[in-house]
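Chain and residue survey
Residue-level listing of the chains:
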Amino acid sequence: MSSETDETGPIDYLVVEFPGNRMTGEGLPLLVDLVDRGIIRILDLVFVRKDQDGTVTGVELSELTGDGHDELAVFEGVSSGLLGRDDIDEVSAVLEPGSAAGIVIYENAWAGPFAAALRRSGGRLVAGGRIPVQELLASLDAAEAGSRA
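Counting restarts for each chain: residues are numbered from 1 in the order of the written sequence. Local features in a predicted model are, by the rule used here, given only for residues with pLDDT of at least 70; side-chain atom pairs are given and counted only at 80 or more, and totals for whole chains, interfaces and linings are based on all residues. Side-chain numbers here rest on the full set of heavy atoms in the structure, without hydrogens or water.

**Regarding the pairing of strand 3 (residues 56–59)**
Consecutive side chains along a regular strand alternate between the two faces of the sheet. Sheet analysis places strand 2 (residues 41–50) next to strand 3, joined by four bridges and oriented antiparallel. When the bridges of strand 3 are listed, F47 appears paired with V59. Hairpin connection of strand 2 to strand 3: five residues between the antiparallel strands, including G54 at a positive phi of 95°. By this definition, two strands are paired if DSSP reports at least two bridges between them. We count a stretch as a helix when DSSP gives it H or I for four or more residues in a row; a strand needs E for two or more, and each element gets its number in order from the N terminus.

Have a look at this one:
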């Protein structure tokens, strides 16, 4: 491994749909803060819009920065090549007509040194995943209900 990649953290992606094309930008300063603090590194960031007739178009970051989202300008031109046309088509297929989506691929930079130490010691990832917040809340509610019984 090169010195640049030997401390690379896990790579994740998120797709966030905004019904009715209502991207308020409320989360964008928080995304910038995560990058500024070195917690994540944005590898790809793409926005798409799906019209009522099903036509999908890309939304340029400059279109969003014109709407008061100047903090996005730091991501202008960010493209690692991990996010391809096929990926965008897959996302577009599941979007509801009349909605928009943000697609972000990011490195969990905070985990880079930890992941490198595990690799050096012969460790290998054999499973991973995410627990959706709704499942966590349902599980906590069930546990609480069970403790009252």
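**A few points about the side chain of S92**
For S92, the location among the structural elements is in helix 3 (residues 85–94). By definition in these notes, contact holds between two residues if any of their heavy atoms fall within 4.5 Å. Once you skip the residues sitting within four places of it in the chain, S92 turns out to touch K50 and V56.

**Overview of the pattern of salt bridges**
Think of a salt bridge as a Lys or Arg side-chain nitrogen and an Asp or Glu carboxyl oxygen that are within 4 Å of each other. With the rule as written, the count across this model stands at five salt bridges. For R41, the salt bridge is made with E107, and the minimal N-O distance between the two is 2.8 Å. Of this pair, R41 sits in strand 2 while E107 sits in strand 4 (residues 99–107), and the two are 66 residues apart along the sequence. With a relative accessible area of 6%, E107 lands in the buried category. Three labels apply to residues, based on accessible area from a 1.4 Å probe with only protein chains included: buried if under 20% of the type maximum, exposed if over 50%, partly exposed otherwise in between.

**Focus: a nonpolar patch on the surface**
Patch members must show over 30% relative accessible area and no salt bridge, and they are joined within 9 Å when carrying like charges or within 5 Å when they are nonpolar side chains of Val, Leu, Ile, Met, Phe, Trp or Tyr. Here, Shrake-Rupley sampling with a 1.4 Å probe gives the accessible areas, and only protein chains in the shown set may cover a residue. Together, I131, V133, L136, L137 and L140 make up an exposed nonpolar region whose accessible area comes to about 500 Å². Mapping I131 onto the fold places it in the loop between helix 4 (112–120) and helix 5 (133–148).

Geometric descriptors of this kind do not, in isolation, establish any biological role.
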